[in-house]
Amino acid sequence: MKAVKMSEGIYRVGANIKNGDMFEGMWPIPDGVSLNCYVVKGRETALIDMVDDWNNAPGQIREQLESISLRINDFDYLILNHMEPDHIGWLHEFVRLNPDVKILTTPKGVDLVKTFCGITENVRAVVTGDTLDLGDGKLLSFTEVPNVHWPETMVTYETSSGILFSCDAFGSYGEVNESVFDDELSQEQHDFYDRESLRYYANIIATFSHFVLKAIDKLSSLDIKMIAPSHGIVWRENPGKIVERYRQFANFMNGKGLPEITLIWGSMYGYTEKVVNSVVKGIRSESVPVHVHRVPEENASWALSDAWKSAGLVFGMPTYEYKMFPPIAGVVDVFEDKRVWNKKVFRFGSFGWSGGAQKDFIEKTSKLKWEFIEPLEWQGAADDEIHQTAFDRGAELARLIKSRI
Ligand code: FEO
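Every value quoted in this text rests on a predicted model; they were computed, and no experiment measured them.

Chemist: Looking at this structure, I do not really get the overall build of the protein chain. What am I missing?
Modeler: Tallying secondary structure elements over the protein chain gives twelve helices and 22 strands in all. Computed over C-alpha atoms, the radius of gyration of the protein chain comes to 24 Å, within 12% of the 22 Å expected from 2.2 N^0.38 for 405 residues, which places it in the range of a compact globule. Counting only C-alpha atoms and orienting by the principal axes, one finds that the protein chain spans roughly 75 × 40 × 35 Å. For the protein chain, with 405 residues in total, the buried portion stands at 58%. In the protein chain, the share of contacts with a sequence separation of at least 24, taken over all contacts with a separation of at least 6, comes to 73%. For the protein chain, the exposed area adds up to about 16,400 Å²; of that, 48% sits on carbon and sulfur atoms. Of the side chains in the protein chain, 43 bear a positive and 58 a negative charge, and the two mean positions are spaced by 3 Å.

Here's what the structure looks like:
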């Protein structure tokens, strides 16, 4: 691949990670993820963000830099918007090859440059409102956006082009190949990045949704003509679209979910499984979309993504040793960590010699601001009456979703 010109003297160089690894060591990325960096050339040259030493990402970046006749030691500045290792794993080697490069990051970023990479020379802290004049009309302006995604995070805005280099903010899973800009994508590709930006958001950013809304407000005074995140595509034609999508994603935490239901279930011997379809039929009888996920067979990444946007949740699980079925308890833990808040919820499931899952479920979800409808539990195998009640409760939850939105 070659570097992609974005504006005069400004280029995107990116690496695709598609090696079967998981993002953050836990989130599947079957369609890969891109790690994007950006070159800004004035009289001096800056590289904005970098990559981890992962799946030959440094080699991919160097090849693209060569396509615009740049080598590592041609850079005067490294701008580090964010210090999570997917963006700085290559830093130590980069500085070894270019020991004179000047590193700019936030004050908290300076600490992390030291702790992650042992680098203290030529590191300078910048704060909101600071600028860097690269000459030839290229001026970089920095804005701290704490907790989007880590406390030290900032974004960089190039004033002559109106390009916002936003790092994790406005990013997405999915590798990026020849179509780098939003205006080059087919509808099918747009649909893909719509899905994968939501899954990325739910998996990586969701916990910090309040900070996302603050950051969007903070950046609203900028005349943004292009958004260039460090994961996913560059928004050239319609940068406002990804901003509004992120605003919508963040507001899902505040209860503004879509009129949809996500059903997550797990079963030991099939007695809870047999009732799943009755609940699904009840939901569908009210023409409400339902997304069904089974654990532990499926990674929680997709259930989290659907649950994040859905106004309603259903959990199907048996009691396991007086408590929740452990794979579902794991999902509930993830939902608590990610702040899957303000949902309308129904839980159903079987038990053998004793119940207990329902009590455990209510206790463990007490901080999530969930509104419950009456649960459904039964001992042993479900009879026709249980199936009918499951159908009715599914329909009841669906009606509740429709009435509140
Ligand atoms: Fe792409 Fe928070 O790192």
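Chemist: How should the pairing of strand β16 (residues 290–294) be read in this particular structure?
Modeler: Moving residue by residue along a regular strand, the side chains alternate between the two faces of the sheet. One ladder, built from five bridges, connects strand β15 (residues 258–265) with β16; its direction is parallel. Residue pairing across strands places threonine 262 opposite histidine 291, the latter belonging to β16. Taking the sense of rotation as the criterion, the β-α-β connection linking β15, helix α8 (residues 273–284) and β16 turns out right-handed.

Chemist: Sorry, what's going on with the domain arrangement of the protein chain here?
Modeler: Interfaces are often sized by the accessible area lost when the parts come together. When cut into domains, the protein chain gives domain 1 (4–252) and domain 2 (258–404). Here domain 1 and domain 2 have C-alpha centroids that lie 38 Å from each other. Across the boundary between the two partners, domain 1 contributes 18 residues, which contact 14 residues of domain 2. Here domain 1 and domain 2 share an interface that buries about 1,400 Å² over both sides, 61% of which is from carbon and sulfur atoms. The largest per-residue losses of area from domain 1 upon contact with domain 2 belong to Arg199, Thr207 and Phe252, which jointly make up 40% of the total buried on that side. Scanning the region where domain 1 abuts domain 2 turns up zero salt bridges.

Chemist: Would you mind going over the nonpolar core with me for this structure?
Modeler: Buried together is how nonpolar side chains tend to be arranged in soluble globular proteins. Within the largest apolar cluster, 118 residues are counted, with the highest numbers of intra-cluster contacts made by Met6, Ile79, Leu91, Trp308, Phe315 and Phe335. The element that contributes the greatest number of residues to this core is helix α5 (residues 187–205), accounting for eight residues. Composition of this core by domain shows at least three residues from each of domain 1 (4–252) and domain 2 (258–404).

Chemist: What is the right way to look at helix α10 (residues 326–338) in this model?
Modeler: What sets the pattern is the α-helix's 3.6 residues per turn: residues three or four places apart point alike. A rise of 1.5 Å per residue sets the reference length of α10, with its 13 residues, at 18 Å; its end C-alpha atoms lie 18 Å apart and thus fit the reference within 8%. Looking one or two places after α10, you find arginine 339, whose phi comes out positive at around 65°.

Chemist: Would you take a moment to explain the sheet that holds strand β8 (residues 102–105) for this structure?
Modeler: Whenever strands of a sheet pair, they do so through backbone hydrogen bonds, lying parallel or antiparallel. Pairing in this open sheet of seven strands is mixed, and the strands run β1-β2-β5-β6-β7-β8-β9 from one edge to the other. On the outer flanks of this sheet lie β1 (4–7) and β9 (123–125), each paired with one strand and no other. Adjacent strand axes in the sheet meet at a mean angle of 25°, parallel and antiparallel pairs treated alike. In this structure, strand β5 (residues 33–41) lies alongside strand β6 (residues 45–48), joined through four bridges in antiparallel fashion. From the neighbouring strand, tyrosine 38 faces β6, where its bridge partner is isoleucine 48. Against the sheet, helix α1 (residues 57–66) touches β2 (10–17) and β5, its axis set at about 150° to β2. Set on the sheet, helix α4 (residues 107–117) makes contact with β8 and β9; between it and β9 the angle comes to about 155°.

Chemist: So what exactly am I meant to see when it comes to the side chain of lysine 138 here?
Modeler: Within the secondary structure, lysine 138 is located in strand β11 (residues 138–144). Within the buried set, lysine 138 has no salt-bridge partner at all; the shortest N-O distance to an opposite charge, 5.6 Å, is to glutamate 158. From its side chain, lysine 138 meets the backbone oxygen of glutamate 8 in a polar contact 3.0 Å long. Those residues in contact with lysine 138 that sit more than four places away from it in its chain are Glu8, Gly9, Ile10, Val40, Lys41, Gly42, Leu132, Asp133, Glu158 and Ser160.

Conventions we followed
- Residues numbered from 1 in each chain as written.
- Predicted model: local features only at pLDDT ≥ 70, side-chain atom pairs only at ≥ 80, totals over all residues.
- Heavy atoms only, no water.
- Helix = DSSP H or I, 4+ residues; strand = E, 2+ residues; numbered from the N terminus.
- Rg over C-alpha atoms; globule rule 2.2 N^0.38 Å.
- Buried < 20%, exposed > 50% of the residue type's maximum accessible area, 1.4 Å probe, protein only.
- Contact = heavy atoms within 4.5 Å.
- Areas by Shrake-Rupley, 256 points an atom, 1.4 Å probe, with all protein chains shown as cover.
- Lys, Arg positive; Asp, Glu negative; His and termini not counted.
- Charge placed at Lys NZ, Arg CZ, Asp CG, Glu CD.
- Pairing = 2+ DSSP bridges.
- Right-handed = clockwise from strand over helix to strand, strands pointing away.
- Domains from an automatic or database assignment.
- Buried area = accessible area lost by both parts, 1.4 Å probe.
- Salt bridge = Lys/Arg side-chain N within 4 Å of Asp/Glu carboxyl O.
- Core = buried A, V, L, I, M, F, W, Y, C linked by side-chain atoms within 4.5 Å.
- Expected span 1.5 Å × (residues − 1).
- Axes fitted to C-alpha atoms, helices over the stretch in contact; angles between N-to-C directions.
- Polar contact = N/O pair within 3.5 Å; in protein donor to acceptor, adjacent residues only side chain to side chain.

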